[in-house]
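In case you want the letters, here they are:
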Amino acid sequence: FVANPLDNILMFRMIRLVRVLRVVRIFTLRRELRLLLEGLAATLESIAWLALVFGFTVYAAAIVSMSCFSDVESDSVFTFNSVPEAMFTMFTLGILADWTDIVKPIMDK
């Protein structure tokens with residue numbers, strides 16, 4: 001190794017760059033891997049749009065449910081007292097987790 005520590009760092013960076021370029025070359029040579037990466041990128045774009053629409057839906061439903069169910073008392077953490085709490089509750093309903101804890105107090109009213 002070289003006596004200067006900065007030269008050692010540059011050498012390690014060059015070695016790391018060569019390793020990254022080798023992986024990139026594998027992806028360009030293999031058509032199947034490139035197709036797989038393109039498919040994953042397209043899927044991530046669709047998932048981002050889905051998350052955006054789901055977020056707007058949860059927000060709108062939280063506002064409506066807060067105005068309708070804010071007076072329902074419950075021992076659960078899922079309440080409609082404020083917009084953030086209602087959004088958390090609507091998200092929980094949206095993914096169907098613990099929905100019985102949310103619906104039971106509303107049905108009892």
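Provided above is the structure to which this section pertains.
Residues numbered from 1 in each chain as written. Predicted model: local features only at pLDDT ≥ 70, side-chain atom pairs only at ≥ 80, totals over all residues. Heavy atoms only, no water.

Let's talk about the overall build of the protein chain
Part 1 of the argument: Along the protein chain, the regular secondary structure elements total 4 helices and 0 strands.
Part 2 of the argument: What you see in the protein chain, going N to C, is helices and strands ordered as α-α-α-α.
Part 3 of the argument: For a compact globule of 109 residues, the expected C-alpha radius of gyration is about 13 Å, and the protein chain comes in at 26 Å, more than 25% above that figure.
Part 4 of the argument: For the protein chain, the residues scored as buried account for 14% of the 109 residues in total.
Part 5 of the argument: Sequence separation of 24 or more characterises 36% of the internal contacts of the protein chain that already satisfy a separation of 6 or more.
Part 6 of the argument: For the protein chain, the computed accessible surface area is about 8800 Å², with 69% contributed by carbon and sulfur atoms.
Part 7 of the argument: Side chains of the protein chain give 10 positive and 11 negative charges; the mean places of these two sets differ by 25 Å. (Helix = DSSP H or I, 4+ residues; strand = E, 2+ residues; numbered from the N terminus. Rg over C-alpha atoms; globule rule 2.2 N^0.38 Å. Buried < 20%, exposed > 50% of the residue type's maximum accessible area, 1.4 Å probe, protein only. Contact = heavy atoms within 4.5 Å. Areas by Shrake-Rupley, 256 points an atom, 1.4 Å probe, with all protein chains shown as cover. Lys, Arg positive; Asp, Glu negative; His and termini not counted. Charge placed at Lys NZ, Arg CZ, Asp CG, Glu CD.)

Comments concerning helix α3 (residues 83–94)
Part 1 of the argument: Under the 1.5 Å per step criterion, the end-to-end length of α3 is 16 Å for 12 residues, consistent within 8% with the ideal 16 Å.
Part 2 of the argument: Within the sequence span of α3, burial applies to Ala-86, Thr-89, Met-90 and Thr-92. One side of α3 holds all its buried residues, which, seen down the axis, span an arc of 155°.
Part 3 of the argument: Looking one or two places after α3, you find Leu-96, whose phi comes out positive at around 60°. (Expected span 1.5 Å × (residues − 1). Arc of directions from axis to C-beta.)

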